[in-house]
Amino acid sequence: MDIKLSIVGLVRFSVLTPTYYSERFATLEDTAAHLFAPERMELRFRVFERLCLRSLLRQSDQGFHLIVLTAEDMPEPYLERLSALLDSADHITLMPVGPGVHYKMLKQGYNAVPVGDATHRLMFRLDDDDAVDLDYIARNRRLAMGMIPLQGADTPFILANNRGLYLRRTEGRDGPEDEIFDACEKAPLSVGAALVAPVGYGANPYRYNHRRYAQHWNTFSDISTPGFLRTIHGDNKSNPAQMGITHKLSEAEIASELDRHFAMTPDQLRDVLP
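Overview of the structure. Quick caveat, the model's predicted, so the values are computed rather than measured. (Residues numbered from 1 in each chain as written. Predicted model: local features only at pLDDT ≥ 70, side-chain atom pairs only at ≥ 80, totals over all residues. Heavy atoms only, no water.)

What follows is about the packing of aromatic side chains. Each aromatic ring pair is characterised by the separation of its centres together with the angle its planes make. Taken as a whole, this structure holds ten aromatic pairs when the rule is applied. With centroids separated by 6.3 Å and ring planes inclined at 50 degrees, the aromatic side chains of Tyr110 and Tyr206 adopt a geometry described as tilted. Here Tyr110, found in helix H4 (residues 102–111), pairs with Tyr206, found in the loop between strand E9 (194–198) and strand E10 (218–222); they are 96 residues apart in sequence, far enough to count as distant. In terms of burial, Tyr110 and Tyr206 fall into one category: buried. The interplanar angle of 65 degrees and the centroid separation of 5.1 Å between the aromatic rings of Tyr208 and Trp217 together place this pair among those described as edge-to-face. In textbook terms, an aromatic cluster arises when at least three aromatic residues are bridged by ring pairs, as seen for Phe13, Phe45, Phe48 and Tyr78. A cation over a ring is seen here: Arg81 above Phe45, with NZ or CZ 4.2 Å from the ring centre. (Phe/Tyr/Trp six-rings, centres within 6.5 Å; stacked < 30°, edge-to-face > 60°. Helix = DSSP H or I, 4+ residues; strand = E, 2+ residues; numbered from the N terminus. Buried < 20%, exposed > 50% of the residue type's maximum accessible area, 1.4 Å probe, protein only. Lys NZ or Arg CZ within 6 Å of the ring centre and 35° of its normal.)

The mixed open sheet is built from five strands, whose spatial order is E5-E11-E7-E8-E12. Each edge of the open sheet carries a strand with a single partner, namely strand E5 (130–132) and strand E12 (244–246). For this sheet, the mean inter-axis angle between neighbouring strands, taken without regard to orientation, is 25 degrees. Inspection of the sheet shows strand E7 (residues 163–172) paired to strand E8 (residues 175–185) by ten bridges, in the antiparallel sense. Paired with Tyr166 across the two strands is Phe181, which belongs to E8. This element, helix H2 (residues 38–57), spans E5 and strand E11 (228–232) of the sheet and lies at about 20 degrees to E5. (Pairing = 2+ DSSP bridges. Axes fitted to C-alpha atoms, helices over the stretch in contact; angles between N-to-C directions. Contact = heavy atoms within 4.5 Å.)

The next point concerns the packing of H2 against helix H3 (residues 76–86). For any two helices packed against each other, one specifies the inter-axial angle together with the distance between the axes. Contact geometry of H2 with H3 gives a least axis separation of 12 Å together with a crossing angle of 5 degrees. Comparing the axis directions of H2 and H3 gives the class roughly parallel. Residues Pro38, Met41, Glu42, Phe45, Phe48, Glu49 and Leu53 of H2 form the contact with H3, whose own contacting residues are Tyr78, Arg81, Leu82, Leu85 and Leu86. Along the lines of polarity and charge, the residues of the contact of H2 with H3 split into nine nonpolar, no polar and three charged. (Parallel < 35°, antiparallel > 145°, perpendicular 65-115°, else oblique. Nonpolar A, V, L, I, M, F, W, Y, C, P; charged D, E, K, R; others polar.)

This is how it looks when you write it as structure tokens:
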């Protein structure tokens, strides 16, 4: 079989929907007030630009398309600011959507990218405050192209990055304290998780909780390289937890991995959070 792979990623940037954040806010108006609060927006723009978007614009393989899903109801100055950030990248599309069912919005985002003559899609997910390593697209393309024939062309499967780095902010006695540490997770993270499937397959990697992927799809956990950079701060929607091995590398080893795989220094990473 002649395999042709289309790679499509989706990042949510303050999407407004009644089926997301519903456990925290009683009305859509309350959700909007939280999402678009000036202090929160400044944080999200800072981390998105300095970490998430930076990692995607610097990929060694630029043969992918990214959908940045956002809210039509986002205040105009923020929409214009987000559009300006993405304007120079032809392979990134800003997609404002109106309030609706969350998962349907995500399906709409992935399906907005034409498949052309592709036989398979690699659909990855990434939060706007996290990053993938600079060879993420190239590495996952190689894995997908090798594994499709092994598993059968009709079998969907997950590629997960289980090794990476964290930037965690905590409140100390004298103010915020930032810690950078390594981790090798025992269950898939959301950061850069990808679903590889035949064109026309209906699901995407947001279909199930990422920790439960192996209950639904064949799952390959890649620990060959530090594939993710995850931030933990006061505006995480979920409660981040490390489920595996952590704090095994020295500061010098962490600095080396940051430089080699993310083209960052520890000081640059700490500066991501205001």
